[in-house]
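# Examining the three-dimensional arrangement
Each chain is listed here by its residues.
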Amino acid sequence: MSTLRKFLTHQGFIRIPLTKTVTNHFEMLVKVNGVPGNFILDTGASNSCIGMEFAEEFLLIAEDSDIKAAGAGSIDLLTQTSTKNTVEIENWKNTKIDLVLIDLTYINTALENHQANKVKGIIGADILQKGKAVIDYKTKCLYLK
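Residues numbered from 1 in each chain as written. Predicted model: local features only at pLDDT ≥ 70, side-chain atom pairs only at ≥ 80, totals over all residues. Heavy atoms only, no water.

A few words now on unusual backbone geometry. Phi angles above zero are rare outside glycine, and asparagine 24 is one such case at about 70°. The exposure class assigned to asparagine 24 is exposed, which follows from its relative accessible area of 58%. For asparagine 33, which is not a glycine, the phi torsion comes out positive at approximately 50°. For asparagine 33, the location among the structural elements is in the loop between strand 3 (26–32) and strand 4 (35–41). Given a relative accessible area of 22%, asparagine 33 falls into the partly exposed group. (Buried < 20%, exposed > 50% of the residue type's maximum accessible area, 1.4 Å probe, protein only. Helix = DSSP H or I, 4+ residues; strand = E, 2+ residues; numbered from the N terminus.)

Listed below in structure tokens is the structure:
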């Protein structure tokens, strides 16, 4: 067992194995409101997001938002928000997560063009900050507290 792993688990962090995709993203299984889905980890995304088309599947109560999103080759994407959701990643759980709903078409098209799996959402900096995240790129693991 690595020294980093020993240290972080001793400090109460939960170890979450990540899968590296052909696009050099890390992906993981995430449960939102008890419903599992494939998500990518994006440290550059300020907010965690779910595709609008999956709102009902993840039991989200969506409200229109004035926030415009940008990313993956598109700008000024319309968004919705959903508050106080439960997010579980392995044994880490938080019941007060706000999520942004966006159109993931551009992202999923880019992933498909590289023969990668489509995703239902993105774990962004908001959840990483709440979980005091440490990413170990060498062992492809995320640690959350």
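Here the focus is the packing of aromatic side chains. By convention here, two paired aromatic rings are described through the distance between centres and the angle between planes. All told, the structure shown has 2 aromatic pairs when counted by the stated rule. Ring plane angle 40° and centroid distance 5.7 Å describe the contact between phenylalanine 26 and tyrosine 137, whose orientation is recorded as tilted. Residue phenylalanine 26 is found in strand 3, and its partner tyrosine 137 is found in the loop between strand 10 (134–136) and strand 11 (141–144); the two are separated by 111 residues along the sequence. According to the relative accessible area criterion, phenylalanine 26 is buried, its value standing at 8%. (Phe/Tyr/Trp six-rings, centres within 6.5 Å; stacked < 30°, edge-to-face > 60°.)

It is worth spelling out the pattern of salt bridges at this point. The final tally for this structure, using the stated rule, is 2 salt bridges. Lysine 120 is paired through a salt bridge with glutamate 57; the nearest N and O atoms lie 2.6 Å apart. Of this pair, lysine 120 sits in the loop between helix 2 (105–113) and strand 9 (121–123) while glutamate 57 sits in the loop between strand 5 (49–51) and strand 6 (63–71), and the two are 63 residues apart along the sequence. Its relative accessible area of 32% is what places glutamate 57 among the partly exposed residues. Linking glutamate 112 and lysine 118 is a salt bridge whose minimum nitrogen-to-oxygen distance equals 3.9 Å. On the accessibility criterion, glutamate 112 (41% relative accessible area) is partly exposed. (Salt bridge = Lys/Arg side-chain N within 4 Å of Asp/Glu carboxyl O.)

Geometric values such as these leave the question of function open.
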